[in-house]
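Structural description and commentary
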Amino acid sequence: MTAPTLKIENLKLGFKLWSGMIEVLHGISLHIGKGERVALVGESGSGKSVTARIVLGMLQEMSSARISGGLTFEGIDLDKLKPRDRHHLRGTRMSMIFQDPTSSLNPVYPIFTQFREVLARANPAISDAEARMKAITALADVSINEPERVLDSYAFQLSGGMNQRVMIAMALANNPSLLLADEPGTALDVTVQAQTLKLMSDLVEQHGTSVLFISHNLGVVREFADRVYVIYKGRIVEQGLTKQLFSNPQHPYTRALLAAVPRITGGGIPDIAEDTAGFHDPLIAHPGASEKELLS
Amino acid sequence: MSAILELSGVSKEFAANGRRTLAVDNVSFSVEKGECLAIVGESGSGKSTIANMILGIYGASAGAIAFAGEPLPERREKRHRRAIQLVQQNPLSSLNPRRTVGASLRLALDVHDIGPKAERAERIGALLQEVGLEPDYARRSPAALSGGQRQRVAIARALACESELVVLDEPTSALDVLVQARVLRLLAELKAKRGLTYVFITHDLSVVRNIADRVAVFERGRLIEIGTTEAVFSSPTHDYTRRLISAVPVVSDAEAEMRQNIMEMTHD
Ligand SMILES: Nc1ncnc2c1ncn2[C@@H]1O[C@H](COP(=O)(O)OP(=O)(O)O)[C@@H](O)[C@H]1O
Ligand SMILES: Nc1ncnc2c1ncn2[C@@H]1O[C@H](COP(=O)(O)OP(=O)(O)O)[C@@H](O)[C@H]1O
Ligand SMILES: [Mg+2]
Ligand SMILES: [Mg+2]
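Residues numbered from 1 in each chain as written. Chains lettered and ligands numbered in written order. Predicted model: local features only at pLDDT ≥ 70, side-chain atom pairs only at ≥ 80, totals over all residues. Heavy atoms only, no water.

Focus: the interface of chain B and chain A
If you look at the interface, chain B gives 32 residues, while chain A gives 34 residues. Taken as a group, Leu178, Asn210 and Val251 of chain B account for 24% of the area that chain B buries against chain A, more than any other trio of residues on that side. For the interface between chain B and chain A, the tally reads three salt bridges. Residues Arg222 of chain A and Asp253 of chain B are paired through a salt bridge, measuring 2.7 Å at the closest nitrogen-oxygen approach. Listing elements by their share of the side of chain B that touches chain A, those giving two or more residues are helix H6 (177-194), helix H7 (205-211), helix H9 (239-246) and helix H10 (253-264) of chain B. Residue composition of the side of chain B that touches chain A, grouped by class: 18 nonpolar, five polar and nine charged. (Contact = heavy atoms within 4.5 Å. Buried area = accessible area lost by both parts, 1.4 Å probe. Salt bridge = Lys/Arg side-chain N within 4 Å of Asp/Glu carboxyl O. Helix = DSSP H or I, 4+ residues; strand = E, 2+ residues; numbered from the N terminus. Nonpolar A, V, L, I, M, F, W, Y, C, P; charged D, E, K, R; others polar.)

Structural data, given as structure tokens:
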């Protein structure tokens, strides 16, 4: 079997603050097979974004972060890479899409300048003409009708939905094998969000990109992911295929989370018990969907 | 049934940087006493502008707003400010960070001279309990509260004023889903218990489906559809409404099926 695109083993994270240590991740394990779309879903503060930032190698640069555990990318132990090589993966073999597209694009440069920078990470010798041609193709791939005009615009001149597409185009421009999408489209209207996700879904399928899809929204996860990990306060509590998890949630936390989502078919506001005792129950993996079974 | 709030031909035009925006375009609707009317639409459709005009934060460019049968003056009287309260998406922007929760509630009671002075401290405790917080939360500062707790305090303040109409502008949009469910349930209970009237602004149609009696759908400042929640969700008359419903991310097969049926009704 080919190595999974990403494998995280027993990842722990703490921050050393003046007031003492705070533990944020308590040993999480997850993996993403080649071409697989895997969701990490949980409430705010549960440890989703820090996980993505550790995979990218960004959190390691913070002096207060205490990180342990294994990170393997396409069979390579990331911790054994030289810092320079590790840094080079970012924006080339792995890339990230953030929640708020407008603020993650630089307001002082036109889109093209930023696009060129992204392309230059993979090919430092790229010419302006070639970068422009590649950028135009990439923007056309995300259904942007006037790529020339968009390239010469600034982020603030474009709509949120347009900026999100630009971000997707940039993230996929170097054909990464892993895309980390952190709450993509959360800041957008649902109609725009639905279109954006559809577009992203089609593109990653075409390119065979593996995706870590981070979201707090169960509905969006159900639509996008093949497989799901549910995270609660820095621990994975349930994992399974999307179908398994949504049709037959097992862990008390997942059950509460699903029960709390108001249904478009009606039924009233659910009565959520204040009791969170079962939320700390150990991990439940659906049949055939544990790390052991999937990685053997 | 009688209308507690009535908007007739209300418009609002903004002029900024030499550009004019007709944020609200000739809108008429009424809100019945004791109902929850949801206002839905995409961002920029004019929802918050309507809220701000109802609150009297700014006036309408045209048209009239009446409350309990009387036209509302542009400069609101104290009794109007008491009777109509706002709960915003981010209560931190409306709760003074330097005041304790208790002091914020006390101020509302003092300004509107509600209840005997000697009983106000006790009343603050009772209000906090009514929104599901222990009375000793009165001593905390807003910064020491979670998002859901802050929203409860904002609701308690609206209750403190014994308001009749509460305008809720995306009250649960920033909350996690478990917290959202609890706050929505609290709102539904308070409405039943106190006979409150809500104008509930949100972009989340799943929430609307479960809390509103009627729904008003806005598109670029225009009211394009209004009806009972049941009617709007089972047979929306506008493609825009159908698109809004069919874009909602759902968690069950039954919902996906309903969404599919609605999508098939659209004409483009
Ligand atoms: N630089 C930091 N210093 C201290 N705590 C942090 C830092 N970054 C994140 N945290 C904490 O780690 C936890 C997880 O954060 P995050 O991964 O951003 O959550 P989310 O699941 O919402 O993406 C939170 O409690 C957050 O406050
Ligand atoms: N104070 C203002 N000055 C200029 N334009 C405004 C102002 N407030 C709102 N607008 C514009 O009015 C329209 C409606 O805005 P708003 O009522 O906030 O929409 P919603 O709450 O539905 O997202 C938007 O185009 C917005 O940019
Ligand atoms: Mg996050
Ligand atoms: Mg608004």
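Alright, that's what it looks like, and here's the rest.
Things to note about the packing of aromatic side chains
Tallied over the full model, the rule gives seven aromatic pairs over all chains. Ring geometry for Tyr154 of chain A versus Phe156 of chain A: centroids 5.9 Å apart, planes at 20 degrees, classification stacked. On the basis of an interplanar angle of 85 degrees and a centroid distance of 5.5 Å, the ring pair of Tyr232 of chain A and Phe279 of chain A is categorised as edge-to-face. In this pair, Tyr232 of chain A sits in strand S9 (residues 227-232) while Phe279 of chain A sits in the loop between helix H11 (252-260) and strand S11 (284-285), placing the two residues 47 residues apart along the sequence. As far as the burial class goes, Tyr232 of chain A and Phe279 of chain A line up, both buried. A connected cluster of aromatic rings, assembled from ring pairs, spans Tyr232, Tyr253 and Phe279 of chain A. Between Arg140 of chain B and the ring centre of Tyr137 of chain B, over which it is positioned, the NZ or CZ distance is 4.2 Å. (Phe/Tyr/Trp six-rings, centres within 6.5 Å; stacked < 30°, edge-to-face > 60°. Buried < 20%, exposed > 50% of the residue type's maximum accessible area, 1.4 Å probe, protein only. Lys NZ or Arg CZ within 6 Å of the ring centre and 35° of its normal.)

With respect to a nonpolar patch on the surface
Residue and element names in this part refer to chain A. On the surface, a cluster of nonpolar side chains totalling about 400 Å² of accessible area is made up of Leu17, Trp18 and Ile22. Inspection of the secondary structure assignment puts Trp18 in the loop between strand S1 (6-17) and strand S2 (20-32). Assessed through its relative accessible area of 86%, Trp18 is described here as exposed. (Patch = residues over 30% accessible without salt bridge, like charges linked within 9 Å, V, L, I, M, F, W, Y side chains within 5 Å. Areas by Shrake-Rupley, 256 points an atom, 1.4 Å probe, with all protein chains shown as cover.)

Focus: the site of ligand 2
Residue and element names in this part refer to chain B. In the vicinity of ligand 2, the contacting residues are Phe14, Thr21, Ala23, Glu42, Ser43, Gly44, Ser45, Gly46, Lys47, Ser48 and Thr49. Measuring from an oxygen atom of ligand 2, one finds a backbone N or O atom of Ser48 at 2.9 Å. One of the side-chain N or O atoms of Thr49 is found 2.5 Å from an oxygen atom in ligand 2. Burial of ligand 2 by the surrounding chains reaches 61%, relative to a free accessible area of 560 Å². Those elements giving two or more residues to the shell around ligand 2 turn out to be strand S2 (19-32) and helix H1 (47-55). The residue makeup of the shell around ligand 2, split by class, is two nonpolar, seven polar and two charged. (Near = heavy atom within 4 Å. Polar contact = N/O pair within 3.5 Å; in protein donor to acceptor, adjacent residues only side chain to side chain.)

Considerations on the site of ligand 1
Residue and element names in this part refer to chain A. What surrounds ligand 1 is the set Phe15, Ile22, Val24, Glu43, Ser44, Gly45, Ser46, Gly47, Lys48, Ser49, Val50 and Met62. Contact distances for ligand 1 include 2.7 Å between an oxygen atom and a backbone N or O atom of Gly45. Residue Gly47 places a main-chain N or O atom 3.0 Å away from an oxygen atom belonging to ligand 1. Out of a free accessible area of 560 Å², ligand 1 has 65% covered by protein chains. Looking at the shell around ligand 1, the elements with two or more residues in it are S2 and helix H1 (48-55). Looking at the shell around ligand 1, the element that brings in the most residues is H1, giving three residues. Residue classes in the shell around ligand 1 are distributed as five nonpolar, five polar and two charged.

Considerations on the pairing of strand S4 (residues 65-73) of chain A
Residue and element names in this part refer to chain A. The pairing of S1 with S4 spans eight bridges and is antiparallel. Residue pairing across strands places Leu6 opposite Phe73, the latter belonging to S4. Pairing between S4 and strand S5 (residues 76-77): two bridges, direction antiparallel. By the bridge assignment, Thr72 is partnered in S5 with Asp77. The loop that links S4 with its antiparallel partner S5 comprises two residues; one of these, Glu74, has a positive phi angle of about 50 degrees. (Pairing = 2+ DSSP bridges.)

Quick notes on the confidence of the model for chain B
Per-residue pLDDT for chain B averages 94, and the proportion of residues at 70 or more is 99%. Among the scores for the predicted complex, ipTM is 0.91 and pTM is 0.94. (pLDDT = per-residue confidence, 0-100.)

Some points on the nonpolar core
Counting 60 residues, the largest nonpolar core has Phe115, Val166, Phe213 and Val228 of chain A as the members making the most contacts within it. Take this core: its biggest share by element is seven residues, from helix H7 (residues 160-172) of chain A. Excluding residues that lie within four positions of it along the chain, Val166 of chain A makes contacts with Leu105, Ile111, Leu139, Ile144, Val150 and Leu158 of chain A. By size, the runner-up hydrophobic cluster in this structure holds 56 residues, among which are Ile269 of chain A together with Val131, Ala154 and Leu159 of chain B. (Core = buried A, V, L, I, M, F, W, Y, C linked by side-chain atoms within 4.5 Å.)

Thoughts on the packing of helix H4 (residues 120-130) of chain B against helix H5 (residues 147-160) of chain B
All names here are of chain B. Packing of H4 against H5 leaves a shortest axis separation of 9 Å and a crossing angle of 125 degrees. Relative to H5, the element H4 lies oblique. Along this stretch, H4 crosses H5, giving a crossing that reads as right-handed. The residues of H5 that touch H4, namely those facing Arg123, Leu127 and Glu130, are Ala156, Leu159 and Ala160. Considered class by class, the residues forming the contact of H4 with H5 number four nonpolar, no polar and two charged. (Axes fitted to C-alpha atoms, helices over the stretch in contact; angles between N-to-C directions. Parallel < 35°, antiparallel > 145°, perpendicular 65-115°, else oblique. Left-handed = near helix turned anticlockwise from the far one by under 90°.)

Quick notes on the pattern of salt bridges
Within the structure shown, the criterion is met by 28 salt bridges over all chains. Measuring nitrogen to oxygen at the nearest pair gives 3.4 Å for the salt bridge that ties Arg93 of chain A to Glu74 of chain A. Of the two residues, Arg93 of chain A sits in the loop between helix H2 (83-89) and strand S6 (94-97) while Glu74 of chain A sits in the loop between S4 and S5, which places them 19 residues apart along the sequence. A relative accessible area of 33% means that Arg93 of chain A is categorised as partly exposed. Here Arg194 of chain B ties to Glu130 of chain B by a salt bridge, and the two come within 2.8 Å at their closest N and O atoms. With Arg194 of chain B in helix H6 and Glu130 of chain B in helix H4, the pair connects residues that are 64 residues apart, well separated along the chain. Exposure remark for Glu130 of chain B: the relative accessible area of 19% places this residue in the buried category. Here the salt bridges share partners, and the residues they tie into one network are Arg106, Asp110, Asp113 and Arg120 of chain B.

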